[in-house]
Amino acid sequence: MRYKLVELEPFQPEETQRKIDETHGLHPDDQYLKPGRIPHIWCPGCGLGIVLSAFIKGLDSTEIPIDNCAVVSGIGCTGRVAGYLNMDTYHTTHGRAIPFATGLKLAKPEMQVVVFSGDGDLFAIGGNHLIHAARRNMDLTVICVNNFNYGMTGGQAGPTTHMGAKTVTTPYGNCEYPFNLTHLAYASGAVYVARWTSFHARYLIESIQKCFAKKGFKFIEVLTPCPTGYGRPNRLGSGLDQMKVYRDNSEIRNHINPMEADSELRGPIVVGEFVDEEKPTFLDRYEEGVLSKARSG
Amino acid sequence: MSKDRDVLTGVHFLNGDDAIAEGALAAGCRFFAGYPITPATEIAERMAKRLPEVSGVYIQMEDEIASMAAVLGASWGGNKSMTATSGPGFSLMMENIGLGMMMETPCVVVNIMRGGPSTGLPTLVGQGDVMQARWGSHGDYGVIALTPSSPQEAFDMTIEAFSLSERYRIPVIVLSDELIGHMYERVVIPEKKFLPRIRRRKPRKAPSEHLPFQGGEDLVPPMACAGEGYRLHVTGLTHDEKGYPVISAEAQERLVRRLCDKIRKHAAEIIRIEEEGTEDAEIIVVAYGCVARSARESVNMARKSGRRVGFLRLLTVWPFPEERIRELAANGVKGFVVPEVNYGQIAGEVERCAVGRDVLMVGLMGGAVHTPEIILEAIEEMA
């Protein structure tokens, strides 16, 4: 027998750290992360890393140059996504990512503008902006990471908290009805609506790819575990336990009316690509119905 | 055609609101986001008609919060951008004006002041937002606010507001009022070649070496916009020179001090005042905006009757001309008469600087502006 033995270079922690600081990191996808920004602030078991990774993979599979893509986020755990991505990123005020992104998109129509934010940011304080951007069919991709509570501030109830669920501000159980985000986005005019969980990473990547190829107001809801803020008071176990709930209790139903897409605390959770329609965007209409008339007038 | 329509060179009969819209277009503004509100709506209406003529974007947002956010977004997209509102909308904009200060985003915010607080007097004049313009958003930051006294000045000052915003990278406030906004007067729009068109400084360094929030000697960093390859992270959190969030007292000290100092240290360049007869004056009338018109007349009346009265008009209320007021106070002025349509917002600033001198605030709470006689009476009371 012939042997070919390879001498391994000794591990050089300083050199590795230098690479992480200066050249992003060691994984091929790390080129999409800003140098020196990792480790992130998210808790163990959080689903945000999966969603971020899916976004990177989705973007990487397209031909879109990284400098042609901007990410805008609001405030909260998901709001921190912008700070980790190695592209033009804007971390705005609470709830205002969508109107900021609207201005950016209108000033730079050739850029892909993605809004990355949480359920509280997009649907409570920013709810009005979301429905109006959808109504205008503003050419934006909105990725809403829904963990059913305000994680950053320590697990308070929000507009998606399940009826009866416990949080630090609903110690007796939540007595409010939650929003069905996909239904609201669709009713407001979104041309693409999908819901996945952090368990459905492959489907999520496909949805993100589709959004990059599609014009108009595109909305993806991603249900994620928040073991620290939401899992603990509701005895949902670890992040892994919640991933098992997503695996065992979710049902893929594509092309249904989002109105029928339930998502209960312990299931059933309906996921899928619910809506995929074509409609001229705000800028299409502005070009056709306003600019052309103003120029000829 | 689109290129020539942005500066309507010639003599016009315009109200202040329309003049502001034309000033914005002449300054190169190509994005307007707003929400209807009396008495600023005419600006939005004119922008809705005019911006498409120059291939710009007009968008009516769902509220003033969104309008201000969109203006910031458009500025980061490389456009000169503007919004216009009045008191209630100005209150809503405060949140993202703060974001604009923190992100160092050039843009122009017009506030056509009406009587407040709350819904107040939608159709009538006020000057009660002077302190809100200075301190309205939480935290500390430097501010520039311009106060035109005529439609012509509304036009000129809107251009100046864009120049200052691009120069210092902050939202600059055009703090006009209902009276000037709705007043029709002759407005001369010069030829385009005579108008300043200042653009934000671009970074010279390569993206890998550029520190987007390093002020340098000037304290104003050059600005790379979206899509230019710099891959910036721009955040409302306290950040370091790279733009990365740093939650520490040291980072806060460096950043916030610079945000304040970039205006403080350039105050002499920014401040614009107009003086008449202040050299030998015993009494000085300090006024701005609509009130300056009647104040000037009252000063003329007083001088005709032999009183040594001077007139100091603020064209910029912020930064406040502290040095000049101190000088005048030290030069033996007996006192200052400060008429304004509020309960003493600028009078308090004058008093702060005019230590030991008499300061007489002549207040109207809104809805009407002082007649020259009212101010003359105050001058005589002090004399």
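Residues numbered from 1 in each chain as written. Chains lettered and ligands numbered in written order. Predicted model: local features only at pLDDT ≥ 70, side-chain atom pairs only at ≥ 80, totals over all residues. Heavy atoms only, no water.

With that settled, the discussion passes to the pattern of salt bridges. Close approach of charged atoms lets side chains of opposite charge pair. All names here are of chain B. For the coordinates displayed, the defined rule picks out 44 salt bridges over all chains. Residues Lys192 and Asp6 are paired through a salt bridge, measuring 3.1 Å at the closest nitrogen-oxygen approach. You can see Lys192 sitting in the loop between strand E9 (184-189) and strand E10 (233-235) and its partner Asp6 sitting in the segment before strand E1 (10-15), a full 186 residues away along the chain. Residue classification places Lys192 among the partly exposed positions, given a relative accessible area of 37%. Looking at Asp6, the relative accessible area reads 3%, which means it is buried. A salt bridge links Lys49 to Glu53, with the shortest nitrogen-to-oxygen separation between them at 3.3 Å. Of this pair, Lys49 and Glu53 both sit in helix H2 (residues 41-53), four residues apart, which is roughly one turn of the helix. (Salt bridge = Lys/Arg side-chain N within 4 Å of Asp/Glu carboxyl O. Helix = DSSP H or I, 4+ residues; strand = E, 2+ residues; numbered from the N terminus. Buried < 20%, exposed > 50% of the residue type's maximum accessible area, 1.4 Å probe, protein only.)

What follows covers the environment of Val57(B). In this structure, Val57(B) sits in strand E3 (residues 57-60). Judged by its relative accessible area of 7%, Val57(B) is buried. Each C-alpha atom, one on Val57(B) and one on Arg30(B), is 6.2 Å from the other, the two residues being 27 residues apart in sequence. Not counting chain neighbours up to four residues away, the residues in contact with Val57(B) comprise Leu106(A), Tyr286(A), Arg30(B), Phe31(B), Phe32(B) and Leu51(B). (Contact = heavy atoms within 4.5 Å.)

Residue and element names in this part refer to chain B. We note that the domain assignment places domain 1 (4-194) and domain 2 (274-382) within chain B. Facing 27 residues of domain 1, the contacting portion of domain 2 comprises 23 residues. Across the interface of domain 1 and domain 2, roughly 1900 Å² is buried in total on both sides, 57% from carbon and sulfur atoms. Applying the counting criterion to the domain 1 and domain 2 interface returns two salt bridges. In this structure, Arg293 and Glu185 form a salt bridge, with 2.4 Å as the shortest nitrogen-oxygen distance. For the pair domain 1 and domain 2, the number of links is 18 residue pairs in polar contact (both at pLDDT 80 or more). Elements with a minimum of two residues in the side of domain 1 that touches domain 2: strand E6 (121-125), helix H5 (130-135), strand E7 (145-146), helix H6 (151-168), strand E8 (171-177) and helix H7 (178-182). For the side of domain 1 that touches domain 2, the leading source of residues is H5, giving four residues. Here the side of domain 1 that touches domain 2 is built from residues that sort into 16 nonpolar, six polar and five charged. (Domains from an automatic or database assignment. Buried area = accessible area lost by both parts, 1.4 Å probe. Polar contact = N/O pair within 3.5 Å; in protein donor to acceptor, adjacent residues only side chain to side chain. Nonpolar A, V, L, I, M, F, W, Y, C, P; charged D, E, K, R; others polar.)

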